[in-house]
Amino acid sequence: MELIKQLEQQNTNDIKCSAATILEDVLEPIETEKCESGVHLSSEQELILASKLGKREQELLFTEFMDLCHPATVMNHAVFAKLFTRKGITGDKVANYFRAFDIDCHHYITYKQFLLGLAAMEPSTQHGGISAEQRCRYIFRYYDEDQDGLLQFEEFKCLIRDIRQLKNLPTVEEEVEQEALSSAKVFGTQSSALLLTEFLTAVGQLKFRGTSLLFRLPQSISYYLKHNNRLAMLVKDGNIDEDDTVFTAPTKRPKLSNSLLKKEPMCNNSRSESGDDGFLAPTEPASSGRYELATHAVKVKRSGSLSNVAALWDLAGTGATSQSFEMVKDKLRFERTFSVDSFNQRSHPNEMLTGLRYFERPIKDKMGEVLKQAFDWGQVDKQALAKCLIVLCSTVRDVMKDEKRLLRLQEPVYILGDIHGNFRDLVCFEKVLWRMGPILTPSSFLFLGDYVDRGEQGIEVVAYLFAQKLLAPEKFYLLRGNHEVRSVQRMFSFRSECTEKFGEELGSDVWEAVNTVFDCMPIAAVVDSKLFCVHGGIPRPIQDGGDGLLLAIDKIPCPLRNPEVESTLAWEILWSDPINKDTDITDDTEKELVSNGGFARNKRRGTANVFSCRALETFLRNTGLSHVVRAHEVQQAGFQVQQKGQLLTVFSSSHYCGGSNEAACILADRRKIRIMRIDTT
């Protein structure tokens, strides 16, 4: 017996040595930082790309996978359950995750399936484009408990229940069943079961929402690695302390084979997650060389405005397309649906924009006499306008709900500050920055809040911004400001503006509908992992600090009806200011700044905090960010550079409250923060 044990041990050691030798000799890292032009990425590579799992992360995951599975090279359910339980996944859900990962129904998973499954669960993986379609396939398998390729109604109810739970909505049986019955209608199926194709189509066409919240890890894989210092350990030799994390570092660095994910180059994504549930094709980096034909041809006037939009399939048989061109069968692709709707002039967003064009321009008769002044509704039926806006609010609210509380964007991005009901200036920005519309403009747009109050045209401002958000959800981003709060609007002008324009009853309905959108707006954004963009200022540090603070922003409740009561973190971000040495410094304030790490009570506003340069530098150092861009305070030049050049305040409403200030915006592009002052005269 002893001899047999020795032989078995020797055999095991031989296997380990052989496996280690093979791994060291033949496994090469997967290139994730460069792309060869003209190479089409597979859907699997697109998913890895969207998850931002680089070479080092993949090396750690591969080593962990092999260590856990040894001497086998595949993972069974027992090992999978142990791994996921240690990462906070409850035992009753492990079987669902394993089923989703086990694409071939073999009752085991390979490393490739393991990696792709984690990529689909990664919180930072965008829910747009090809990666969204891949994620939805995992979600479908997760809930298809009997693996019959159909979601039965009870399985669909489980999906609805989980979405409601993640949105902090009640999950009592009656409400879940009612929403499941209502949601099932959008799929257009006559049977009691849902096919995968029907599920993908409804999500791709934005008819069914909420899937971006499903099938996510509790925290990012990169966070685990950084939090436990695994990347630093990876490049060292010697003993490594074990802890609860599964992402343990090897004593000798393994090399991953390109054959694991085919020998096609990988590249970094140029767009962050959209937060939207549709399969909206993300912008590809220029170096990928991957292009496809857009669905429409546009005609542009010399002034830069659009004069005509035509779908390519409507041009079939004309000189514009040859007989070999087959676009009609392509127009129903998931990625195409959004583009088709964006140019539909009868859609609610485009109808609203058409109405706002009428509002903006003067109307004259043939003799040149003015029949309607510019920026006036004239004889427009205000009730019809109000109803259109309420419908718009209902739709855009669903889009906002599915966005992260902390947006992650990439350059180029135009950043605009307070608008405050100044529709005239908003039109000026449109004519300068996105005259042809956001879709045809090669940059994104980030607004830092305070859309209403003070100015006379808060209704027109929000109607315009909501319409553009629906037409270009991956290009137009709206953060919440301190005036996007009911109690503040009651003290200022937006509440009364709604009732004056639409009457007491209908005006109250419009006001509440607009505010339900405000309740769901993101709170902050990060551009290129370096620029922290908010309305007010930085919050006080929390216990975890650094990445923990950014993760805490993502956990702010949504909807957030009363931020002052429901989220101190959100309230501080909306209201805080950099300290003004001319007005804020007193002996008591100086003592408070010293004792509170550079923070003191904001006596000017009577709420939240002021923060010093010391507090800002600590915040930037702990988070790895380089600058803060904020709004919240009027500036004579439209902007101000503060606190050693690391803080910028931007204000985008000129002649604020009858003053003489200018309007400005910021362009974040090619690692430069460019300031633009707009002539609004």
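Novice: Would you mind going over the overall build of the protein chain in detail, with residue names and values included?
Specialist: Scanning the protein chain for helices and strands turns up 25 helices and 20 strands. Among the 681 residues that make up the protein chain, the fraction classed as buried is 52%. At a minimum sequence separation of 6, the contacts of the protein chain that also span at least 24 residues come to 69%. Summed over all atoms, the accessible surface of the protein chain reaches about 31,400 Å², with 50% contributed by carbon and sulfur.

Novice: Can you break down the pairing of strand β11 (residues 524–527) residue by residue, with the values?
Specialist: Of the two faces of β11, the one holding Ala 524 and Val 526 and the one holding Ala 525 and Val 527 are both buried throughout. Bridge count for strand β7 (residues 406–409) against β11 is 4 bridges, and the pairing is parallel. Looking across to β11, one finds that Leu 406 is bridged to Ala 524. Relative to strand β12 (residues 531–533), β11 is paired through 3 bridges, and the arrangement is antiparallel. Opposite Val 527, over in β12, you have Leu 531 as the bridge partner. Joining the antiparallel neighbours β11 and β12 is a turn of 3 residues, in which Asp 528 adopts a positive phi near 55°.

Novice: Lay out a nonpolar patch on the surface in plain terms, naming residues and giving numbers.
Specialist: Taken together, the side chains of Val 298, Val 300, Leu 306 and Met 436 make up a nonpolar region of the molecular surface, amounting to roughly 250 Å² of accessible area. Mapped onto the elements of the fold, Val 300 is located in strand β3 (residues 296–300). Overall, Val 300 belongs to the partly exposed group, its relative accessible area being 36%.

Novice: Requested: an account of the nonpolar core, with residues and values cited.
Specialist: In a soluble, globular protein the nonpolar side chains are often hidden away together inside. Ranked by internal contacts, the top residues of the largest apolar core, which has 57 residues, are Trp 434, Phe 447, Tyr 451 and Phe 466. Residue contributions to this core peak at 10 residues, all from helix α17 (residues 458–471). Once residues within four sequence positions are removed from consideration, Tyr 451 is found in contact with Ile 419, His 420, Gly 421, Gly 458, Val 461, Val 462, Leu 465, Leu 478, Leu 479, Glu 484, Phe 518 and Met 521. Counting 52 residues, the second largest nonpolar core, distinct from the first, contains Met 75, Leu 83, Leu 115 and Phe 199.

Novice: Tell me about the packing of helix α14 (residues 348–360) against helix α15 (residues 382–401), residues and numbers included.
Specialist: When two helices pack together, their arrangement is given by the angle between their axes and by how far apart the axes lie. Following both chains from N to C, one finds α14 and α15 inclined at 140°, their axes separated by 10 Å at the closest point. Taken together, the axis directions place α14 and α15 in an arrangement best described as oblique. Relative to α15, α14 is oriented so that their crossing is left-handed. Residues His 348, Pro 349 and Met 352 of α14 form the contact with α15, whose own contacting residues are Leu 385, Cys 388, Leu 389, Val 391 and Leu 392. Across the contact of α14 with α15, the residue classes break down as 7 nonpolar, 1 polar and no charged.

Novice: Pulling in residues and values, what's your account of helix α25 (residues 613–623)?
Specialist: For α25, every residue scored as buried is listed here: Cys 613, Ala 615, Leu 616, Phe 619, Leu 620 and Thr 623. Across the axial projection of α25, the buried residues extend over an arc of 160°, all falling on one side. Immediately beyond the C-terminal end of α25, within one or two residues, lies Gly 624, with a positive phi of roughly 75°.

Novice: Any details on unusual backbone geometry? Residues and values, ideally.
Specialist: Trans peptide bonds make up most of the peptide bonds, and negative phi angles are found at most residues other than glycine. Cis geometry marks the peptide bond from Glu 411 to Pro 412, where omega comes out at 5°. Within the secondary structure, Pro 412 sits in the loop between β7 and β8 (413–416). Residue Pro 559 is reached from Cys 558 by a cis peptide bond, and omega for that bond is 5°. Topologically, Pro 559 is positioned in the loop between α21 (547–554) and α22 (563–566). Of note, Arg 454 is a non-glycine position whose phi angle comes to about 75°, a positive value. Within the element layout of this structure, Arg 454 appears in the loop between β9 (444–447) and α17. Not every positive phi belongs to a glycine, and Ser 529 is a case in point at roughly 60°. Mapping Ser 529 onto the fold places it in the loop between β11 and β12.

Novice: How would you summarise the packing of helix α2 (residues 43–51) against helix α6 (residues 111–121) if you had to cite specific residues and measurements?
Specialist: At a minimum axis distance of 8 Å, the contact between α2 and α6 shows a crossing angle of 50°. Between α2 and α6, the interaxial angle falls into the category oblique. Seen from above, α2 lies across α6 with left-handed handedness. Contacts from Glu 44, Leu 47, Ile 48 and Ser 51 of α2 reach α6 at Lys 112, Leu 115, Leu 116, Ala 119 and Ala 120.

Novice: If you had to explain the sheet that holds strand β18 (residues 647–650) to someone new, which residues and values would you point to?
Specialist: Here we have 6 strands laid out as an open sheet, ordered β7-β11-β12-β16-β18-β17, and mixed in their pairing. Among the strands making up the open sheet, the edge pair consists of β7 and β17 (639–642). Across the sheet, the axes of successive neighbouring strands diverge by a mean angle of 20°, strand direction being ignored. With 4 bridges connecting them, β17 and β18 associate as antiparallel partners. The partner of Val 641 across the bridge, within β18, is Leu 648.

The rules behind these values
- Residues numbered from 1 in each chain as written.
- Predicted model: local features only at pLDDT ≥ 70, side-chain atom pairs only at ≥ 80, totals over all residues.
- Heavy atoms only, no water.
- Helix = DSSP H or I, 4+ residues; strand = E, 2+ residues; numbered from the N terminus.
- Buried < 20%, exposed > 50% of the residue type's maximum accessible area, 1.4 Å probe, protein only.
- Contact = heavy atoms within 4.5 Å.
- Areas by Shrake-Rupley, 256 points an atom, 1.4 Å probe, with all protein chains shown as cover.
- Pairing = 2+ DSSP bridges.
- Patch = residues over 30% accessible without salt bridge, like charges linked within 9 Å, V, L, I, M, F, W, Y side chains within 5 Å.
- Salt bridge = Lys/Arg side-chain N within 4 Å of Asp/Glu carboxyl O.
- Core = buried A, V, L, I, M, F, W, Y, C linked by side-chain atoms within 4.5 Å.
- Axes fitted to C-alpha atoms, helices over the stretch in contact; angles between N-to-C directions.
- Parallel < 35°, antiparallel > 145°, perpendicular 65-115°, else oblique.
- Left-handed = near helix turned anticlockwise from the far one by under 90°.
- Nonpolar A, V, L, I, M, F, W, Y, C, P; charged D, E, K, R; others polar.
- Arc of directions from axis to C-beta.

Nothing here speaks to function; it is geometry throughout.
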